[in-house]
Amino acid sequence: MREVWLRGPESIDELAGAVAAALDGGEPVLPLDGRDPQAAGLLAAMRPDQPVEDGTAVLIATSGSTGEPKGVLLSADALRASATATHARLGGAGRWLLSTPANYIGGLQVLVRSMLAGQPFAVLPPGPFRADRFAEAARPVLVADGPRYTAMVPTQLTRLLDAGGPGLAAAKAFDAIILGAAATTPALRARAAEAGVRIIPSYGMSETASGCVYDGVPLDGVGVRIAADGRVLIAGPVLTHGYRLRPDLTAESFDGEWFRTGDRGQLRDGRLEVLGRLDDVINTGGVKVSAAAVERLITALPGVRETCVVGLPDPEWGQIVAAAVVPEGEAPGVAELRAAVRAEAGAAAVPKRVEFVTTLPLRGPGKVDRTAVVDQIFPPVG
């Protein structure tokens, strides 16, 4: 396999060239973030000394939600299918701004889409995300003819909306901004609409070669159904063909042609609504509480930007519900927050511990690190 270490804009060009060659049957590519202290461990887990599984064009190395390293195998056909279906949904091929790390599937797909469109892409340089840097990076895309697109995580969009000015003006000039990696809250959707920013919340993962459901509607060729246990199942040409050196995990993850995600969901009039992770259920005093459901109730309150709800071990209850809340403006009081949850979800769902914080710890491209929330925000009491 060909390893590409991403350390600056010139390495993005190297990665793009390597991916183009892999799409044409060349050596499989493994992109890695040279600034990530875990990258060396991910590389070792990918066993570069061993032959890569047949049919692989790109290998996405991830620590997953559990922290266990795994490599997602993606074929050229899967990558092309995802990019082609994305352009069909957006209204045609166009120019792209790469706004997220290219070692993750959301960023890498910007490169693939640009290749298939025959268009150059622009790159947001690495470093802290700032609205002025976004506006500068977007300029070459926004002055071009034809559709203009980018993809980002909700945290980035929130910062653009907060900053206003040139960064927000640039965001408004894109024909579409795909939001992925984390859920788009109703409040963020409303803020974007009010500001005139055209967003498309997406659902997908490395195993689906990036987002495969846009605003609740599967891309062309993608099938979605809900299993008896509420699990979201995905089928279609965008799917991975397995995990690096893990035939056991590959077998567990497929039910025939259907990929078994780790998410709970429901279909309403053909639209997918993701309800949270299957493993986000908190068992408190024998009552099962969905962390995602409590998060939705809290983030709907005025003065709440985002929240993360976790289960903490407790000798009396087994687990208790805890909420880390990022306020916006005048935050609700703890009593008000608890009352709102109790009214909608019952007493068992009420957070027994509430902490107001300025930010939530993240992992990867904008996903909340729930393990870090427990360790950093809710250390053991006593």
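As shown above, the structure is provided for reference.
These numbers come from a predicted model, not from an experiment.

Draft legend 1. Representation of the overall build of the protein chain. If you tally the helices and strands in the protein chain, you get 12 helices and 24 strands. Relative to a compact globule of 382 residues, whose C-alpha radius of gyration would be 21 Å, the protein chain shows 21 Å and is just as compact. Each of the three principal axes of the protein chain carries a C-alpha extent, and together these read 60 × 50 × 45 Å. The proportion of buried residues among the 382 residues of the protein chain is 51%. Approximately 16700 Å² of the protein chain is accessible, and the part contributed by carbon and sulfur atoms is 52%.

Draft legend 2. Quick peek at unusual backbone geometry. Although it is not a glycine, Ala 209 sits at a positive phi angle of roughly 60 degrees. For Ala 209, the location among the structural elements is in the loop between strand S9 (199–205) and strand S10 (210–214). With a phi close to 55 degrees, Leu 245 is a non-glycine residue in the positive phi region. In this structure, Leu 245 sits in the loop between strand S14 (242–243) and helix H9 (247–253).

Draft legend 3. Expanded view of the sheet that holds strand S22 (residues 353–356). The sheet built from 3 strands is open, its strands ordered S20-S21-S22 with mixed pairing. In the strand order of this sheet, the two ends are held by strand S20 (304–314) and S22, each with one partner. Each neighbouring strand pair of the sheet contributes to a mean axis angle of 20 degrees, computed without reference to strand direction. Relative to strand S21 (residues 318–327), S20 is paired through 10 bridges, and the arrangement is antiparallel.

Draft legend 4. Broad picture of the side chain of Thr 261. Note on placement: Thr 261 falls in strand S16 (residues 258–268). Relative accessible area serves as the criterion here: at 1%, Thr 261 is assigned to the buried category. A polar atom in the side chain of Thr 261 sits 2.7 Å from the backbone oxygen of Val 232. Those residues within four positions of Thr 261 in sequence are excluded, and the remaining contacts are Tyr 203, Met 205, Arg 231, Val 232, Ile 234 and Leu 278.

Draft legend 5. Representation of the sheet that holds strand S8 (residues 176–179) within the structure. In space, the 7 strands of this open sheet follow the order S6-S5-S7-S8-S9-S10-S11, with mixed pairing throughout. Edge positions in the sheet fall to strand S6 (121–123) and strand S11 (217–218), since each has one partner strand and no second. With 3 bridges connecting them, S8 and S9 associate as parallel partners. When the bridges of S9 are listed, Ile 178 appears paired with Ile 200.

Draft legend 6. Main features of the packing of aromatic side chains. Under the defined criterion, the tally for this structure stands at 4 aromatic pairs. Seen from their ring centres, Phe 134 and Phe 174 are 6.0 Å apart, and the 45 degrees between their planes marks the pair as tilted. Here Phe 174 lies in the loop between helix H7 (165–173) and S8 and Phe 134 lies in helix H5 (residues 131–142), a separation of 40 residues in the sequence. For Phe 134, a relative accessible area of 0% corresponds to the buried category.

Draft legend 7. How the structure looks around the pattern of salt bridges. Summed over the entire model, instances satisfying the criterion amount to 23 salt bridges. Residue Asp 33 pairs with Arg 35 through a salt bridge whose shortest N-O separation is 3.6 Å. Classification of Asp 33 by relative accessible area gives buried; the value is 15%. Within the structure, one salt-bridge network assembled from shared partners comprises Asp 162, Arg 191, Arg 305 and Glu 328.

Draft legend 8. Here's a closer look at the side chain of Ser 114. Among the secondary structure elements, Ser 114 is positioned in helix H4 (residues 105–117). A relative accessible area of 2% means that Ser 114 is categorised as buried. Apart from residues lying up to four places away in sequence, Ser 114 is in contact with Trp 96, Gln 119 and Phe 121.

Draft legend 9. Expanded view of the pairing of S22. Of the pairings in the sheet, the one linking S21 to S22 comprises 4 bridges and is parallel in character. From the neighbouring strand, Ala 323 faces S22, where its bridge partner is Val 354. Handedness of the crossover is the feature at issue here: the chain leaves S21, passes through helix H11 (residues 334–345), returns alongside S22, and the resulting connection is right-handed.

Draft legend 10. Quick peek at the environment of Ile 282. Structurally, the position occupied by Ile 282 is in strand S18 (residues 281–284). Along the sequence, Ile 282 and Arg 80 sit 202 residues apart, while their C-alpha atoms lie 39 Å from each other. Setting aside chain neighbours within four positions, we find Ile 282 in contact with Val 287, Lys 288, Val 289, Ala 291, Val 309, Val 310, Gly 311, Gln 319, Ile 320 and Val 321.

Draft legend 11. Looking closely at the packing of helix H6 (residues 154–163) against helix H8 (residues 186–195). Following both chains from N to C, one finds H6 and H8 inclined at 45 degrees, their axes separated by 11 Å at the closest point. When the interaxial angle is binned, H6 and H8 end up oblique. Helix-helix and strand crossings are classified by hand; for H6 and H8 the assignment is left-handed. On H8, the residues touching Pro 154, Leu 157, Thr 158, Leu 161 and Asp 162 of H6 are Leu 188, Arg 191, Ala 192 and Ala 195. Looking at the contact of H6 with H8 residue by residue, the classes come out as 6 nonpolar, 1 polar and 2 charged.

Draft legend 12. Local environment of H11. In this model H11 runs 16 Å from its N-terminal to its C-terminal C-alpha over 12 residues, within 8% of the 16 Å that 1.5 Å per residue would give. Immediately downstream of H11, the backbone of Gly 346 shows phi near 95 degrees, a positive value.

Draft legend 13. The packing of helix H1 (residues 9–23) against H4, seen in detail. In the contact formed by H1 and H4, the axes pass within 10 Å of each other and the chain directions differ by 65 degrees. Judged by the twist between their axes, the crossing of H1 over H4 is right-handed. Packed against H1, whose contacting residues are Ile 12, Leu 15, Ala 16, Val 19, Ala 20 and Leu 23, the element H4 presents Leu 108, Leu 111, Val 112 and Met 115 at the interface. Of the residues belonging to the contact of H1 with H4, the class tally is 10 nonpolar, no polar and no charged.

Basis of the calculations
- Residue positions are given per chain, counting from 1 as you read along its sequence in written order.
- A pLDDT threshold of at least 70 governs which residues receive local features in this predicted model, and a stricter bar of 80 or more applies before side-chain atom pairs are shown or counted, although totals over entire chains, interfaces and linings include all residues.
- Side-chain measures here rest on the full set of heavy atoms in the structure, leaving out hydrogens and waters.
- We count a stretch as a helix when DSSP gives it H or I for four or more residues in a row; a strand needs E for two or more, and each element gets its number in order from the N terminus.
- To get the radius of gyration, use the C-alpha atoms; to get the globule rule, take the number of residues to the power 0.38 and multiply by 2.2 Å.
- Only protein chains enter the area calculation, which uses a 1.4 Å probe; residues under 20% of their type maximum are buried, those over 50% are exposed, and those in between are partly exposed.
- Surface accessibility in these figures is a Shrake-Rupley result with a 1.4 Å probe; residues are shielded only by whichever protein chains are displayed.
- Strand pairing is assigned whenever DSSP detects at least two bridges linking the two strands.
- Fitting a line to C-alpha atoms yields each axis, with helices limited to the stretch in contact; the angle taken between N-to-C directions then spans 0 to 180 degrees.
- Polar contacts, as counted here, are pairs of nitrogen or oxygen atoms within 3.5 Å of one another; within protein the pair requires one atom able to donate a hydrogen and one able to accept it, and residues that are adjacent in sequence qualify only if both atoms are side-chain atoms.
- By definition, residues are in contact when any of their heavy atoms lie within 4.5 Å.
- When the centres of two rings from Phe, Tyr and Trp lie within 6.5 Å, Trp using its six-membered ring, the rings pair. Their planes under 30 degrees apart give stacked, over 60 give edge-to-face, and anything left gives tilted.
- Salt bridges are counted wherever a side-chain nitrogen of Lys or Arg sits within 4 Å of a carboxyl oxygen of Asp or Glu.
- Crossover handedness is defined by viewing with both strands directed away from the observer: a clockwise path from the first strand over the helix to the second marks the crossover as right-handed.
- Here roughly perpendicular refers to angles of 65 to 115 degrees, roughly parallel to angles under 35, roughly antiparallel to angles over 145, and oblique to all remaining angles.
- Note on convention: the crossing is left-handed when the near helix lies turned anticlockwise from the far helix by less than a right angle, right-handed when the turn is clockwise.
- Each residue gets one of three labels, nonpolar for Ala, Val, Leu, Ile, Met, Phe, Trp, Tyr, Cys and Pro, charged for Asp, Glu, Lys and Arg, and polar for the others, Gly among them.
- Any helix carries an expected span of 1.5 Å times its number of residues minus one.

These results come straight from atomic positions and should not be treated as a statement about function.
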